Amino acid sequence: MKLWGGRFEKNTDKLVDHFNSSISFDSRMYRHDILGSIAHAEMLGRCGIISEEESKLIQKTLLEILKDIEDGKVEFEIDAEDIHMNIEKLLISRIGETGKKLHTGRSRNDQVALDIRMYLMDEIKTIKSMLAELEDVLLSLAENNLDVIMPGYTHLQRAQPITLAHHLMAYFQMFARDLERLDDCFKRTAIMPLGSGALAGTTYPLDRHMVAEKLGFAAITENSLDAVSDRDFVIELAACLSIIMMHLSRFSEELVLWSTFEFGFVEMDDAYSTGSSIMPQKKNPDVAELVRGKTGRVYGSLIALLTVMKSLPLAYNKDMQEDKEAIFDSVDTVKMCLPVFTKMIATVKIKKENMYRAAQGGFINATDLADYLVKKGIPFRSSHEIVGKMVLYCIQNKKTLEQLTMEELRSFSPLIEEDVYRAISLEECVAGRKLPGGPAIESVMAQIEKGRAFLKSIKL
Ligand code: ARG
């Protein structure tokens, strides 16, 4: 018989049992469900709602159930619907009448809200530490490639010279924001809903603050209707995870591009590449491609969650059971992608010479030549036009700007002098961009230093 079977005259249809049941996916919250129940039972005893002995027996038995689950001794039942009722049923089967007192002053609606919050709080912590590891690798990689000049791109056209360190630190900043976003999401997740009952609170004199404190929550929810029907924190996490995947995907895309013969900027370590079943010569950047590809399912979950919640009247509705698979899949996907991505970039082989060679083409020092003319007294718009003409001349004569002779240069502007060659060397172009946030070695070093301090300040 169902735990809620009293008012029913018939059993549910087998198909409905299957359809309704969430145990196949919410069983992963067993530990959080049990810890939540233990805190609830302790509070019920402390508040005199059940006796201290009953409270102790319930807590002790719940711990035994936890151990049995962890030892693989428990088989959950589809008929018992979800993890909450499976555990309650187990408890009742072990201690009878006393077990039936656990659910006093509680509903599955505030219980599931508690469990999912606790579960996600743990997952946020795990993902944060994975992100921190990736950040650490990025900092070391940047530090080792401070003077590695490469082209920076806009429109995927060579634009201005930068360094690999600068490029890597751009990703560091993205993941740093992701860490901050997760921190913020955690704040709104760590609010304790128990005591909200099914929707309208409860008449029992529960001590909600005691439960919150026991379970490591910073505060309790303010409104019982909101508490049982709020899944903002789930959606917020799905959004944070989508943004993380978006960053990983952009990075992956660049690595895929950079490993092509045409770019040749990097080569993935053998351990993070795969071959072709037909073409013997192939070495494919599958890991980066898969990370890029898995981004789709994480975005999909975000849209699924938003759509499930859209138009739901207050308060709890069974639709909300659909939150779990979506957020679990997002969490699992990010947890799978981050460590493998981190290892992949930690082992990537960097082909500095090819990066430098690519920076030598494409007139990426044209802006610097224009700036040189500005320093000689020509207004920027005019110098822009002069250099444009010089570039056209170079294209027609198959030369680079620095290959032009003094005579050729001066035919465009008599203000050009010998010092131009130094001014438009790639090294000088990078070194000159030493404002905070720029690619010059000293600027990137400052960025790295700040990055290290930021990582230290993040509470893991
Ligand atoms: N398995 C349900 C969920 O995931 C638990 C809450 C069910 N409450 C209810 N009254 N049916 O949302």
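Notes on the structure in this doc start here. (Residues numbered from 1 in each chain as written. Predicted model: local features only at pLDDT ≥ 70, side-chain atom pairs only at ≥ 80, totals over all residues. Heavy atoms only, no water.)

### Points about the pairing of strand β1 (residues 149–154)
Relative to strand β2 (residues 157–163), β1 runs antiparallel, the two being bridged by six bridges. Its bridge partner being in β2, Thr154 is matched across the sheet by Gln157. A loop of two residues connects β1 with β2, the two strands running antiparallel in sequence, and His155 in this loop sits at a positive phi of about 55°. (Pairing = 2+ DSSP bridges. Helix = DSSP H or I, 4+ residues; strand = E, 2+ residues; numbered from the N terminus.)

### What about the layout of surface pockets?
Here the largest pocket defines a volume of roughly 520 Å³. Mapped onto the lining of the largest pocket, the elements with two or more residues apiece are β1, β2, α7 (164–189) and α10 (232–258). Among the elements that line the lining of the largest pocket, the one with the most residues is α7, at seven residues. Here the lining of the largest pocket is composed, by residue class, of 13 nonpolar, eight polar and four charged. (1 Å grid on protein atoms, 1.4 Å probe; cavity = no way out; pocket = protein on both sides within 12 Å on 5 of 7 lines; lining within 4 Å. Points joined across faces, edges and corners; volume = space filled by probe spheres on them. Nonpolar A, V, L, I, M, F, W, Y, C, P; charged D, E, K, R; others polar.)

### Focus on the state of the cysteines
In a disulfide, the sulfur atoms of two cysteines are held together by a covalent bond. Under the definition given, this model contains zero disulfides. Among the cysteines around Cys185, which has no disulfide bond, Cys240 carries the closest sulfur, lying 4.5 Å off. Residue classification places Cys185 among the buried positions, given a relative accessible area of 0%. (Disulfide = S-S within 2.5 Å. Buried < 20%, exposed > 50% of the residue type's maximum accessible area, 1.4 Å probe, protein only.)

### Regarding helix α14 (residues 366–375)
Of all the residues in α14, the buried ones are Ala366, Asp368, Leu369, Ala370, Tyr372 and Leu373. Packed against the buried residues of α14 are α15 (380–397), α17 (420–423) and α18 (426–432). Gly377 sits one or two residues past α14 and shows a positive phi near 105°. (Contact = heavy atoms within 4.5 Å.)

### Here's the deal with the side chain of Gln321
Along the polypeptide, Gln321 turns up in the loop between α11 (286–309) and α12 (323–346). Side chain to side chain, Gln321 and Ser22 meet in a polar contact 3.3 Å long. Every residue in contact with Gln321, bar those within four places of it in the chain, is listed here: Asn20, Ser21, Ser22, Phe25 and Tyr316. (Polar contact = N/O pair within 3.5 Å; in protein donor to acceptor, adjacent residues only side chain to side chain.)

### Quick look at the pattern of salt bridges
Tallied over the entire structure, the rule returns 38 salt bridges. Where Arg28 meets Asp332, a salt bridge forms, and the shortest distance between an N and an O atom there is 2.8 Å. One end of the pair, Arg28, is in the loop between α2 (23–26) and α3 (30–46); the other, Asp332, is in helix α12, with 304 residues separating them in the sequence. The class for Arg28 is partly exposed, based on a relative accessible area of 30%. The partly exposed category is assigned to Asp332, whose relative accessible area is 29%. As a salt-bridge pair, Lys187 and Asp184 come within 3.1 Å of each other at their nearest N and O atoms. Here Lys187 pairs with Asp184, and both are found in helix α7, just three residues apart, close to one helical turn. Here Lys187 falls in the exposed class, since its relative accessible area comes to 55%. Ionic contacts of the salt-bridge type, sharing partners, join the residues Glu267, Asp270, Lys283, Lys349 and Lys351 into one network. (Salt bridge = Lys/Arg side-chain N within 4 Å of Asp/Glu carboxyl O.)

Keep in mind these values describe shape, not function.
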